[in-house]
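# Chain and residue survey
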Amino acid sequence: FPEEWASAFGTWREQIAHLGVGGRGEALALQTAVGAWPVDETRLGDYLVKASREAGLDTTWALRNEAYESSLRALATSLTNGAIASAIAAFVDRIEPTAHSIALAQLVLRLTSPGVPDIYQCSESWLHTLVDPDNRRPLDPAGLHSTVDSALAGGPVWESSAPKAAVIARLLATRRRNSASFDVEPAYRSLRGAGVHHDHVIAYERGPNVTVVASRFPASRPDGWAGTAVDVRPGAWRDVLSDRRVDGGRLQLTELLGHRPAAVLERLD
């Protein structure tokens, strides 16, 4: 959303110019606020001060510019309260469905690509932490159990109240059922999309029994998939993420993916 971001960014910078942080700090603060939203003034302020000290341009750990650091904390307060906070929240609401789609597609790739998937405990739900110490806040085991229980309820993962946890649970189970496909040196074959948006899809086989198809650049396809397709081995498959049967061959992505971030096909026959 480059045009929308540029417009919002320019408006917000005018509204915070009086705080005297300067362009470099303003850019960092606004990008961080949007990326970590919802974030409170303490978390944002602590992050901005730490990042600026480590950059060593306006303040440092050894020679702290107290006035500049105070202006950073005032900026954090301004961005997380009042009219600007409401505008940031509205912008996040606008981009969040696309952000979630991208994040889930990346998660599918991480769990099915060659190598060992790396999952941090309590990151099974949406996580908007900043660098330490923000990412070392107390965990919420009860909330985590609730999230995982919701993910294990069954049905298409895209309809789950915890889609990230649902993708993790579903694909770890798929890896167990098809362990040979995910060995240290498995058969791996890249598949190419065909059609207008062939470069918007990442597809590959993990042996003959698992095929992965994931979407890229979801905001850049106003016309949908426009006839784009991918060729899958013939036979009967099940998309383990949407709980749908799929017949192999040339698969139109309008049908296979639609607005969904990815499909992971497991051979039935």
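The sections below set out a description of the structure shown in this document. Predicted model only: the values in this text are computed from it and were never measured.

About the criteria used
- Position numbers for residues start from 1 in each chain and track the written sequence from start to end.
- At least 70 in pLDDT is required for a residue's local features to be given in this predicted model, at least 80 for side-chain atom pairs to be given and counted, and no such filter applies to totals for whole chains, interfaces and linings, which use all residues.
- Calculation of side-chain values draws on the structure's entire complement of heavy atoms; hydrogens and water are dropped beforehand.
- As used here, the term nonpolar core means buried Ala, Val, Leu, Ile, Met, Phe, Trp, Tyr and Cys residues forming a set that is joined through side-chain atoms within 4.5 Å.
- Relative accessibility thresholds used throughout: buried, under 20% of the residue-type maximum; exposed, over 50%; partly exposed, between the two (1.4 Å probe, protein chains only).
- Every helix listed is a DSSP run of H or I at least four residues long, and every strand listed is a run of E at least two residues long, numbered separately from the N terminus.
- The contact criterion used is simple: two residues touch if any of their non-hydrogen atoms lie within 4.5 Å.
- Angles here are taken between N-to-C directions and fall from 0 to 180 degrees, while the axes themselves are lines fitted to C-alpha atoms, restricted in helices to the stretch in contact.
- If an angle is under 35 degrees, it is roughly parallel; if it is over 145, roughly antiparallel; if it lies from 65 to 115, roughly perpendicular; otherwise it is oblique.
- Crossing handedness: left-handed means the near helix sits turned counterclockwise from the far one by under a right angle, and right-handed means the same turn made clockwise.
- Note on residue categories: nonpolar means Ala, Val, Leu, Ile, Met, Phe, Trp, Tyr, Cys or Pro, charged means Asp, Glu, Lys or Arg, and polar means any other residue, Gly included.
- How far a helix is expected to stretch is found by multiplying one less than its residue total by 1.5 Å.
- The term bend refers to the angle at a residue between two fitted axes, each drawn through seven residues, those ending there and those starting there.
- For salt bridges, the criterion is a side-chain nitrogen of Lys or Arg within 4 Å of an Asp or Glu carboxyl oxygen.
- Note: two strands are recorded as paired if DSSP finds a minimum of 2 bridges between them.
- Each aromatic pair joins two rings of Phe, Tyr and Trp (for Trp, the six-membered one) with centres within 6.5 Å, and gets the label stacked for planes under 30 degrees apart, edge-to-face for over 60, and tilted for any other angle.
- The rule for a charge over a ring is simple: NZ of Lys or CZ of Arg within 6 Å of the ring centre, and within 35 degrees of the ring normal.

Here we come to the nonpolar core. Of all hydrophobic cores here, the largest spans 29 residues; its most connected members are Trp12, Val34, Leu44, Leu48, Leu79 and Ile88. Of all the secondary-structure elements, those providing two or more residues to this core are α1 (2-16), α2 (23-36), α3 (41-55), α4 (66-79) and α5 (82-112). Not counting residues within four places of it along the chain, the set of residues in contact with valine 34 comprises Trp5, Trp12, Ile88, Phe91, Val92 and Ile95. Counting residues in each nonpolar core, the second largest holds 22 residues, with Leu109, Ala151, Ala162 and Ala214 among its members.

In contact at an axis separation of 11 Å, α1 and α2 are set at 120 degrees when each is read in the N-to-C sense. On the basis of their axis angle, the class for α1 and α2 is oblique. The handedness of the crossing between α1 and α2 comes out as right-handed. Two secondary-structure elements touch here, α1 through Trp5, Phe9, Trp12, Arg13 and Ile16 and α2 through Gly23, Glu26, Ala27, Leu30, Gln31 and Val34. Among the residues forming the contact of α1 with α2, the class breakdown is seven nonpolar, two polar and two charged.

Between its first and last C-alpha, α5 extends 43 Å over 31 residues, near the 45 Å set by a 1.5 Å rise per residue. Taking the largest bend as the criterion, α5 deviates by roughly 45 degrees, centred on isoleucine 95, and proline proline 97 comes between one and four positions later.

This part is about unusual backbone geometry. That bond from tryptophan 37 to proline 38 is cis: its omega, 0 degrees, falls within 30 degrees of zero. Within the element layout of this structure, proline 38 appears in the loop between α2 and α3. Of note, the bond from aspartate 132 into proline 133 is cis; its omega dihedral lies within 30 degrees of zero at 10 degrees. Examined against the element boundaries, proline 133 turns out to sit in the loop between α5 and α6 (141-151). Positive phi values are uncommon outside glycine, yet alanine 226 reaches one of about 45 degrees. Tracing the backbone through its elements, the reader meets alanine 226 in the loop between β4 (210-215) and β5 (229-239). For alanine 226, a relative accessible area of 32% corresponds to the partly exposed category.

Moving on to the packing of α2 against α4. Running from N to C, α2 and α4 cross one another at 35 degrees; their axes reach a closest spacing of 11 Å. As for the relative orientation of α2 and α4, their crossing is right-handed in sense. Contacts between α2 and α4 pair Gly25, Glu26, Ala29, Leu30 and Ala33 from the former with Tyr68, Leu75 and Leu79 from the latter. Its residues assigned to classes, the contact of α2 with α4 comprises six nonpolar, one polar and one charged.

Moving on: the pattern of salt bridges. Under the definition given, this model contains 18 salt bridges. For aspartate 58, the salt bridge is made with arginine 24, and the minimal N-O distance between the two is 3.0 Å. Of this pair, aspartate 58 sits in the loop between α3 and α4 while arginine 24 sits in helix α2, and the two are 34 residues apart along the sequence. Residue classification places aspartate 58 among the partly exposed residues on the basis of a relative accessible area of 28%.

Here we come to the pairing of β5. Pairing of strand β2 (residues 193-194) with β5 involves two bridges; the strand directions are antiparallel. Looking across to β5, one finds that glycine 193 is bridged to valine 230.

For the structure on display, the rule yields five aromatic pairs. Ring geometry for tryptophan 5 and tryptophan 12: centres 6.1 Å apart, planes at 75 degrees, overall edge-to-face. Relative to tyrosine 204, the ring of tyrosine 188 lies with its centre 5.3 Å away and its plane at 35 degrees, an arrangement referred to as tilted. Of this pair, tyrosine 188 sits in strand β1 (residues 188-191) while tyrosine 204 is found in strand β3 (residues 201-206), placing the two residues 16 residues apart along the sequence. The partly exposed category is assigned to tyrosine 188, whose relative accessible area is 42%. A relative accessible area of 2% means that tyrosine 204 is categorised as buried. Put simply, the rings of Trp5, Phe9, Trp12 and Phe91 pair up and form one aromatic cluster. The ring of tryptophan 225 carries arginine 221 above its face, with NZ or CZ at 3.7 Å from the centroid.

Keep in mind these values describe shape, not function.
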